[in-house]
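# Reading the structure
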Amino acid sequence: MRYRQLTTGTLALGVLLLIDVLRVWLPGIITIFGQAASTPAELMGAFALGWFVLAMGAPTVVRRVGARPVTVVAAVLLAVARLALTAAPGGRTQLWVATAGLLAGLVWLVGVATDTDRPVPGLALGFAVNAAVHAVLDTVDLVWRGDWVAWLLSAVAVAAFLVGTAQPGRRGGAGDAVDGPADGPVGPADASAGPGGGRAWLLAGPALLLAGMVALSPALARTGMSYLFAGDGVARSPLFGLAPVPVAVAGFLCAALTRPPRGPGRAYGPVALLAGAVLFALDRGDLLLPAIFLAAVGLGACLALTDDAGHPGSDTASTSAGDATSTRAAGRRGYAVAAGMLVFALGAVGYYSAYDLGYPNAAVPVVVAVLIAAVAFTARPVVHRLPLPFPPLRAAAAVTALALLAPVLADEVPVASNRDGPPERLTVVAYNIRMGFGLDGRFDLTGLAEVVERQRPDVVLLSEVDRAWLLNGGHDTLDLLADRLGMPYVFGPAADPVWGDAVLSRWPVADPQTVPLAAVGAPTGAQALAVTLDLSDGVRTAVVSTHLQPPPGKGPVVQARAVVDFATRYAAGRPLVVAGDLNTEPGDEAFAEFSNAGLVDALAAARPLATSPADDPRQQIDHIFVSPGLTPSNPVAPRSTASDHLPVAVTLTLPPR
């Protein structure tokens, strides 16, 4: 393998490992360091930003010590942290291992940037391969799996990364004219790379943010597909939910690795990226797919505009003036990538903390897209572009082929079955799943599925369902849990198209409806999702899933009243079940809204039945209410630490026909 190919491949592998670490570190901020909605968002944000600010000192270290020793040491620490996380230790250990891996990855990026003047091929491959692998793994990364296959594949990736890092030689951009090794390690004053690359490195962080949030997010692609044919503002289990991923990957790589047009045609990438960001910011489920495709192509094209290898002066390292120029450029590249990753942190913290602090966040992806577009469009057009270290179309085809495996290997579609005749009883489970993360901060789908399956449910109502938030690792928690339970879902968005409540049912459902609830000071938003269970032979039961969000210092009275009005109108005299995390205790005014409407507390026989916090339950805030015709029995709150709440379950005897 030629050195320029090795440089590109090593950069791509390093980006892959760093993203793996971020998928563990980011959710650790709100599940281990603090607790979302209880720990001040400002404190969690300060913790997150502090490490990226600290990494701004890495260019100074590189200048004093030398790029190569810093890069090698940081690469080893990143690799060790990545393997340690495969053990999924949970708790504070997991958080600090991920933090060490993050800081090592940031320092490694700075070291690589100082002597790599053409990062676009490596960055683009890293982003695209990560998206393809994430999709093939059904959005559950190797780091959360822990079986021997996960260990083997993780070890292979880490070993290949370390071998590539350990190779001595010229570490200029992927388009270097020289493919042979240099005479010695790169030192503080060595300038083997040319003066370019600063703009591309600056965009590494912002591009990573938009790729993870929109352009190359398999979970968002599946969520977009689930809205495609559902209508009425709800989402349903889709066919071939991951089919958009290879299309987005192909568009991104083809745009990033091919020569951009000259003249006015240069604007197509920035315009497409801005259009995709705006569509995403509109928070409409039916616009997610066009947002993904436009953002993917636009992001790739913007990276291509900054691929300035081939400019006059890029091979000036043989003269003393060229050495001085390249040395200054190396320092600028180091600061550029550190600043770009700080933009990543600011964007992520700014976007997701809005759901705790209550300010509008739709502008964040648009502002980041404007930054990327401005930096890309104002780059100098390349007249004589040096060739890539590999055929671009073949590379795009290879990664796209990998992504094409996802719809085949990772897509499952549970099907509700019509059983013989209407049942005499229904078992209902309501569960706040906290985005799939247990009390130890581990992504614990197995624990969630096991505690639900033990109840042998007919219908499951879920709260705090996350389907693509980058802050939570980019998982589609709903689809993953539906696959494990073998139950198709209906999803109602609350905060945005990928956060809300769901109903999973073993019986066919009809007429799904969702209604937004007044925020009354609750920033994450709330809704009520109603479906009708078709129990055959004309027997129907209405089910409403909701998660009430109380205003500061008060109970969710206004929302409770709205849910009661909506649910009773929707049921229209049919048997009715209303359940979820209602954030109100028996005896409270909001709790009384349900009782005053004639609904029965289905858990009354087991009171007190505390459900939160899961390890020491003291609050009775998760409830199931039913209409008088349904007779409840066996109410329970089975113990589990797979979430910060306990589930509640009850068996309902249907009224005689």
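This text goes with the structure placed above it.
Residues numbered from 1 in each chain as written. Predicted model: local features only at pLDDT ≥ 70, side-chain atom pairs only at ≥ 80, totals over all residues. Heavy atoms only, no water.

### Details of the pattern of salt bridges
Defined as follows: The salt bridge definition used is simple: a Lys or Arg side-chain nitrogen within 4 Å of an Asp or Glu carboxyl oxygen. Here a strand is any run of E in DSSP of at least two residues, a helix any run of H or I of at least four, and the numbering for each starts at the N terminus. Burial classes follow relative accessibility: with a 1.4 Å probe on protein chains only, a residue under 20% of its type's maximum area counts as buried, one over 50% as exposed, and anything between as partly exposed.
The full count for this structure, using the stated rule, is 13 salt bridges. Of the charged contacts in the structure, one is a salt bridge between D20 and R82, with a shortest N-O distance of 3.1 Å. Pair noted here: D20 is in helix α1 (residues 3–33) and R82 is in helix α4 (residues 67–86), with a separation of 62 residues, a long-range link. Pair check on accessibility: D20 and R82 agree, each one buried. With a closest N to O distance of 2.7 Å, D286 and R284 form a salt bridge. The exposure class assigned to R284 is partly exposed, which follows from its relative accessible area of 44%. Three or more residues joined by partner-sharing salt bridges are found here, namely D138, R222, D411 and D479.

### Considerations on the pairing of strand β8 (residues 540–547)
As a reminder of what qualifies: Two strands pair under a simple rule: DSSP has to find at least two bridges between them. Handedness rule for crossovers: strands pointing away from the viewer, path from the first strand over the helix to the second running clockwise, crossover right-handed.
Within β8, 7 of the 8 residues are buried, which leaves the element mostly enclosed by the surrounding structure. Counted between consecutive antiparallel strands, the loop separating strand β7 (residues 526–534) from β8 contains 5 residues, among which S536 sits at a positive phi close to 75°. Two strands pair when backbone bridges link them, and β8 and strand β9 (residues 576–581) are joined in this way by 6 bridges, in the parallel orientation. Each residue of the ladder has a partner; that of T546, found in β9, is G580. The parallel pair β8 and β9, bridged by helix α20 (residues 557–571), forms a crossover whose chirality is right-handed.

### As for the nonpolar core
Note the following rule: For this analysis, a nonpolar core means a set of buried residues of the types Ala, Val, Leu, Ile, Met, Phe, Trp, Tyr and Cys, connected via side-chain atoms within 4.5 Å. Note on definitions: a residue-residue contact is assigned when non-hydrogen atoms from the two residues lie within 4.5 Å.
Within the largest apolar cluster, 153 residues are counted, with the highest numbers of intra-cluster contacts made by W25, W201, F252, L253, L462 and L504. The element best represented in this core is α1, accounting for 14 residues. In contact with W25, other than residues within four places in its own chain, are F47, A48, W51, F52, L95, A98, T99 and L102. By size, the runner-up hydrophobic cluster in this structure holds 32 residues, among which are V234, V459, L609 and L630.

### Here's the deal with the environment of V366
Its place among the elements puts V366 in helix α16 (residues 363–377). As for V366 and M44, which are separated by 322 residues in sequence, their C-alpha atoms are 24 Å apart. Those residues in contact with V366, other than ones at most four positions away along the chain, are L274, A277, V278 and A281.

### Points about the layout of surface pockets
For clarity, the threshold we go by: Think of a 1 Å grid over just the protein atoms. A cavity is a set of points where a 1.4 Å probe fits yet cannot get out, a pocket is an open set with protein on both sides within 12 Å along at least five of seven lines, and lining residues have an atom within 4 Å of a point. Grid points are joined across faces, edges and corners, and a volume is the space filled by probe spheres set on the points. Classification convention: Asp, Glu, Lys, Arg as charged; Ala, Val, Leu, Ile, Met, Phe, Trp, Tyr, Cys, Pro as nonpolar; all other residues, Gly among them, as polar.
The space that makes up the largest pocket amounts to roughly 1200 Å³. Surrounding the largest pocket, 46 residues form its lining, Q35, A36, A37, S38 and D356 being those nearest its centre. Put simply, the parts of the chain that give the lining of the largest pocket at least two residues each are α1, α2 (41–54), α14 (320–352) and α15 (354–357). Residue contributions to the lining of the largest pocket peak at 4 residues, all from α2. Here the residues of the lining of the largest pocket sort into 25 nonpolar, 15 polar and 6 charged.

### Here we look at the packing of α4 against helix α7 (residues 148–166)
Using the following cut-off: Only C-alpha atoms enter the line fits that serve as axes; for helices the fit covers just the stretch in contact. Angles between N-to-C directions range over 0 to 180 degrees. Oblique is the label for any angle not under 35 degrees, not over 145, and not in the 65 to 115 range, which are roughly parallel, roughly antiparallel and roughly perpendicular in turn.
Where α4 meets α7, the axes come as close as 10 Å, and the angle between the chain directions of the two elements is 180°. Classified by the angle their axes make, α4 and α7 are roughly antiparallel. Taking contact as the criterion, the partners of R68, T71, V72, A75, V76, L78, A79, R82, L83 and T86 in α4 are, on α7, W151, S154, A155, V158, F161, L162, T165 and A166. Classifying every residue of the contact of α4 with α7 by side-chain character gives 12 nonpolar, 4 polar and 2 charged.

### Digging into the packing of aromatic side chains
Note the cut-off: Stacked, tilted and edge-to-face pairs are distinguished by plane angle, under 30 degrees for stacked and over 60 for edge-to-face with tilted covering the rest, among Phe, Tyr and Trp rings (Trp via its six-membered ring) whose centres lie within 6.5 Å. Working rule: Lys NZ or Arg CZ, within 6 Å of ring centre, within 35 degrees of ring normal, means a charge sits over the ring.
One pass over the structure, following the stated rule, counts 20 aromatic pairs. An angle of 75° between the planes, with centres 6.2 Å apart, marks the rings of W51 and W96 as edge-to-face. Within this pair, whereas W51 is found in helix α2, its partner W96 is found in helix α5 (residues 91–114), the two being separated by 45 residues in sequence. Members of the aromatic cluster, joined through ring pairs, are W25, F33, F47, W51, F52, W96 and F344. Above the ring of Y570, the side-chain terminus of R574 is found at 5.4 Å from the ring centroid.

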